[in-house]
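Descriptive structure summary
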Amino acid sequence: MSAYVVFVRDRITDPEEFATYGKMAPLARDGHEMKALAFYGTVKTLEGPAVDGSVILEFATMAEAQAWYDSPLYQEAVQHRFKGAEYRVFIVDGVAG
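Residue numbering note: each chain is counted from 1, following its sequence as written. Only residues with pLDDT of 70 or above have their local features reported here, since the model is predicted, and side-chain atom pairs are shown and tallied only from 80 upward, although totals for entire chains, interfaces and linings are computed over all residues. In computing side-chain values, all of the structure's heavy atoms are included and hydrogens and water are not.

**Focus on the pattern of salt bridges**
- Any Lys or Arg side-chain nitrogen found within 4 Å of a carboxyl oxygen on Asp or Glu counts as a salt bridge. All chains considered together, the criterion is met by three salt bridges.
- In this structure, Asp10 and Arg88 form a salt bridge, with 2.6 Å as the shortest nitrogen-oxygen distance. Taken together, the positions of Asp10 in strand β1 (residues 3-12) and Arg88 in strand β4 (residues 85-93) put the pair 78 residues apart, joining distant regions of the chain.
- Relative accessibility decides the category of a residue: with a 1.4 Å probe and only protein chains considered, values under 20% of the type maximum give buried, values over 50% give exposed, and everything between is partly exposed. Residue classification places Asp10 among the partly exposed positions, given a relative accessible area of 27%. Under the scheme used here, helices are H or I runs from DSSP no shorter than 4 residues and strands are E runs no shorter than 2 residues, and both carry numbers assigned from the N terminus.

**Side note on the packing of aromatic side chains**
- Here a pair means two rings of Phe, Tyr or Trp (six-membered ring of Trp) with centres within 6.5 Å. Their orientation is stacked below 30 degrees between planes, edge-to-face above 60, and tilted elsewhere. Summed over all chains, the structure comprises ten aromatic pairs.
- Taking the centre distance of 5.9 Å and the plane angle of 40° together, the rings of Phe18 and Tyr21 count as tilted. Within this pair, Phe18 and its partner Tyr21 are both found in helix α1 (residues 15-24), separated by three residues, close to a single helical turn.
- When its relative accessible area of 8% is taken as the criterion, Tyr21 is described as buried.
- Consider the rings of Tyr21 and Tyr74, whose centres lie 6.1 Å apart with planes at 75°: the pair is edge-to-face. Of the two residues, Tyr21 sits in helix α1 while Tyr74 sits in helix α3 (residues 72-84), which places them 53 residues apart along the sequence. Both residues of the pair, Tyr21 and Tyr74, belong to the buried class.

**Things to note about the packing of α1 against α3**
- Axis definition: a line fit to C-alpha positions, over the contact stretch in the case of helices; interaxial angles, taken between N-to-C directions, run 0 to 180 degrees. Running from N to C, α1 and α3 point in directions that differ by 155°, and their axes come no closer than 7 Å. In terms of their interaxial angle, α1 and α3 are classed as roughly antiparallel. Here α1 runs over α3; the crossing is left-handed. Within the contact between the two elements, α1 uses Glu17, Phe18, Thr20, Tyr21 and Met24 and α3 uses Tyr74, Glu76, Ala77, Val78, His80, Arg81, Lys83 and Gly84.
- In this classification, Asp, Glu, Lys and Arg are treated as charged, Ala, Val, Leu, Ile, Met, Phe, Trp, Tyr, Cys and Pro as nonpolar, and every other residue, Gly included, as polar. Partitioned by chemical class, the residues of the contact of α1 with α3 number six nonpolar, three polar and four charged. When an angle is under 35 degrees it counts as roughly parallel; over 145 it counts as roughly antiparallel; between 65 and 115 it counts as roughly perpendicular; any other value is oblique. In this scheme the handedness of a crossing depends on how the near helix is turned from the far one: anticlockwise by less than a right angle means left-handed, clockwise means right-handed. The contact criterion used throughout is that any non-hydrogen atoms of two residues lie within 4.5 Å.

Shown next as structure tokens:
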């Protein structure tokens, strides 16, 4: 069953750190099959606090999504995101067809 990693960016706090994350994070795709379904497109917030940006990545399984997130390359990159922006990130299972 597909799984989705959802990133909700609340705000950028350090543009330089965030830019470093933006350069490093794509390198973590190597060896991990994923599909970007949404990538910082126009957001219309319908409920709750305004969203600054969002990304939705599709993986074949929850385990594959977690393996990508836990990978050394992504964990190195994500340290810069932690310093450069406030996010909420989660993995959610898709629905069985």
